[in-house]
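Residue-level structure breakdown
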Amino acid sequence: MKNIVLTGFMGTGKTTVGQLLAEELHRQFFDTDQVIEEKLGASIKEIFKKIGEPKFREFETETIALISNLEDSVISCGGGVVVNPENVKNLNRNGIIINLYASPEHIFKRLYEYDTRPLIKQMLNPLEGIKKLLAQRQKAYEQCAFAIDTDNLSPEQVVKKILEHKLVKDILK
Ligand code: S3P
């Protein structure tokens, strides 16, 4: 059966929702950032610092190519994954890609206290930076099968919405 793939900007709850969804469906769960962290033995923050973003993106694309071969899984992707059309092509081969959306203000609130997102860390004005990056990536996120606005939903409610969607019901038949 097809994979259920979650994407969306940083701070939209992909990992939490993905874990809950995998539990609910008794499926395996993969988070692309966690796979990369385990492979390189370092946190995303350290990886960005040591090898830089372009090299990180290469590892990310390799990871997506491997993970896309799986079946019956729930996969949460780093927020930049769908920007590369090669990743989208691979993930779509045996999966449905769902975009978790949140407004810049919510993303800012959710990420504010964390020091784990190097792209946010380097922004002089994080709220403005989030708005800009979100706008740059909008087209990439829009290619997904469908989107869920997570602003006023708990992770459990997001899971419920995913499971209620016709496209998801169809692949779970
Ligand atoms: C990134 C998102 C992060 C991580 C890295 C880059 C991005 O993942 O892959 O910091 O480019 O949006 P999360 O979306 O899980 O935070």
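These remarks concern the structure in this document. Sequence order as written defines residue numbering, which begins from 1 separately in each chain. This being a predicted model, a pLDDT of at least 70 is required before a residue's local features are given, and a value of 80 or more before pairs of side-chain atoms are given or counted; all residues contribute to the totals for chains, interfaces and linings. Computation of side-chain values covers all heavy atoms of the structure but excludes hydrogens and water.

Among the 15 residues in the neighbourhood of the ligand, the closest are listed as K14, D33, R57, R117 and R137. Between the ligand and K14 there is a distance of 2.6 Å, counted from an oxygen atom to a side-chain nitrogen or oxygen. In the analysis that follows, any N or O atom pair within 3.5 Å is treated as a polar contact, provided that within protein one partner can donate a hydrogen and the other can accept it, and provided that, for residues neighboring in sequence, both atoms belong to side chains. Between an oxygen atom of the ligand and a side-chain N or O atom of R57, the distance comes to 2.6 Å. Here the ligand has 380 Å² of accessible area as a free molecule, and 96% of this is covered by the chains. Elements with a contribution of two residues or more to the shell around the ligand: α3 (44-67) and α6 (118-121). Here a strand is any run of E in DSSP of at least two residues, a helix any run of H or I of at least four, and the numbering for each starts at the N terminus. Broken down by element, the shell around the ligand gets its largest block of residues, five residues, from α3. Proximity is defined per residue: if any heavy atom of the residue lies within 4 Å of a molecule or strand, that residue is considered near it. Accessible surface is estimated by sampling points in the Shrake-Rupley manner with a 1.4 Å probe; for residues, cover comes only from the protein chains shown.

With that settled, the discussion passes to the side chain of S68. Within the element layout of this structure, S68 appears in the loop between α3 and β3 (73-76). Whether a residue is buried, partly exposed or exposed follows from its accessible area with a 1.4 Å probe, protein chains only, as a fraction of its type maximum: under 20%, in between, or over 50%, in that order. We classify S68 as buried; its relative accessible area is 3%. The contact definition used throughout considers only heavy atoms, calling two residues in contact when any of these lie within 4.5 Å. Excluding residues that lie within four positions of it along the chain, S68 makes contacts with N3, N90, L91, R93 and N94.

With that out of the way, let us pick up helix α4 (residues 85-93). Where α4 is concerned, the buried positions are N87, V88, N90 and L91. An end-on view of α4 places all buried positions within 165° of arc, on one side of the element. Exposed positions of α4 whose direction lies more than 90 degrees from the buried face are P85 and K89. Where α4 is buried, its residues touch β1 (3-7), α3 and β4 (95-101). Backbone nitrogen of E86 and a side-chain oxygen of the N-cap are separated by 2.9 Å at the start of α4; the cap is N84. The arc under discussion is defined with respect to the helix axis, by the directions toward the C-beta atoms.

Time to look at the pairing of β3. If a strand is regular, its side chains alternate between the two faces of the sheet. Of the two faces of β3, the one holding S73 and I75 and the one holding V74 and S76 are both buried throughout. At least two bridges found by DSSP between two strands are what make those strands a pair. Sheet topology places β1 next to β3; three bridges connect them, and they run parallel. Across the sheet, residue V5 finds its bridge partner in β3, namely I75. In terms of strand pairing, strand β2 (residues 28-31) meets β3 through four bridges, oriented parallel. When the bridges of β3 are listed, F30 appears paired with I75.

Lines are fitted to the C-alpha atoms to define the axes, a helix being fitted only along its stretch in contact, and any angle between axes, read from their N-to-C directions, falls within 0 to 180 degrees. Interhelical geometry of α3 versus α4 gives an angle of 15° and a closest axis separation of 9 Å. As summarised for this structure, α3 and α4 are arranged roughly parallel, according to the angle between their axes. Helix-helix and strand crossings are classified by hand; for α3 and α4 the assignment is left-handed. The segment α3 lies against α4, with T61, I64 and A65 engaging E86, N87, N90, L91 and R93. Nonpolar residues are Ala, Val, Leu, Ile, Met, Phe, Trp, Tyr, Cys and Pro. Charged residues are Asp, Glu, Lys and Arg, and all others, Gly as well, are polar. Each residue belonging to the contact of α3 with α4 can be placed in one class, and the counts come to three nonpolar, three polar and two charged. Under this scheme an angle from 65 to 115 degrees is roughly perpendicular, one under 35 degrees roughly parallel, and one over 145 degrees roughly antiparallel; angles in between are oblique. In this scheme, a crossing is called left-handed if the near helix is turned counterclockwise away from the far one by less than a right angle; it is called right-handed if the turn is clockwise.

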